[in-house]
Every structure is written in structure tokens, then in C-alpha cells.
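Okay, here's what each chain looks like letter by letter:
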Amino acid sequence: PKITFIENNGTEHVVDAETGVSVMEAAVKNMVPGIDADCGGACACATCHVYVDEAWAEKTGKAESMEESMLDFAYEPKANSRLSCQITVSDALDGLVVRLPEFQG
Ligand code: FES
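This structure is a prediction, so every number in the text was calculated from the model and none was measured.

**Q** I would appreciate a short explanation of the pairing of strand β3 (residues 49–52) in the present structure.
**A** Note on strand geometry: in a regular strand, side chains alternate between the two faces of the sheet. In β3, alternate side chains face the same way, and those of His 49 and Tyr 51 on one face and Val 50 and Val 52 on the other are all buried. Bridge count between β3 and strand β4 (residues 81–83): three bridges; the pairing is antiparallel. Bridged to His 49 within β4 is Leu 83. Looking at chain direction, β3 and strand β5 (residues 96–99) are connected through two bridges and run antiparallel. Residue pairing in the sheet places Tyr 51 in a bridge with Arg 99 of β5.

Next comes the structure, spelled out in C-alpha cells:
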């Protein structure tokens, strides 16, 4: 599935992700800048923060409570904020668009 990451400065990175990995892993593997993922995907750092494009909010679903509390530590969390290590790539997410915050927390 293809995932588009849009940096805060507007630079787009389209990556071909493998099904089953997290959106964070897909970014790191494809050298998308701006996803630090300090904790390696354990939902414990909030430095893999992304904003899910409105059109995809329903398909990616909502943050669970642990993710929700970690998002408080993210830089400028918004209603469409997610931790990208908690979104699993699937065929249903082909075409997903996420935006990167200006900084990671
Ligand atoms: Fe640390 Fe996602 S990588 S919370």
C-alpha cells in the first residue's frame, strides 16, 4: 500500500509500505525525515506523531487510551493526531495521507 507523508514544509514522500508493519516503521525504513520514533514503536515516546488526513480518519480509527495519553506529550496535538507506530499498514489504507508536525515532542 502507498502512504504519503507530507512534511511541515510541504515536501511529500510517497512510500510503498509492506502490509503488517506500522506506519512509523514504513516511514523509518524509507528514510522519511521527521519521525524520530525514540521508543521504537512501544507507544511510549510520542515522537512518531502524525496528523491523519481528514479523509482517512475513519479508516485509521481512533487512538486507544494509552496512545491518547501519550499524545498529550506530543508537539501540538490536534483532534486528528495519532502515533504512527500504532497504525498498522493494510490494503485498506492504500493511499493514506499523513502530515508531519513541525517538531516531534
Ligand atoms: Fe514511540 Fe511511536 S515510536 S510512541
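So much for the structure itself; the text now carries on.
**Q** What is the right way to look at the sheet that holds β4 in this model?
**A** Overall, mixed pairing links the five strands, which are arranged β2-β1-β5-β3-β4 in an open sheet. Two strands bound the open sheet, and with one partner strand each, they are β2 (12–16) and β4. Adjacent strand axes in the sheet meet at a mean angle of 35°, parallel and antiparallel pairs treated alike.

Definitions and cut-offs
Residues numbered from 1 in each chain as written. Predicted model: local features only at pLDDT ≥ 70, side-chain atom pairs only at ≥ 80, totals over all residues. Heavy atoms only, no water. Buried < 20%, exposed > 50% of the residue type's maximum accessible area, 1.4 Å probe, protein only. Helix = DSSP H or I, 4+ residues; strand = E, 2+ residues; numbered from the N terminus. Pairing = 2+ DSSP bridges. Axes fitted to C-alpha atoms, helices over the stretch in contact; angles between N-to-C directions.

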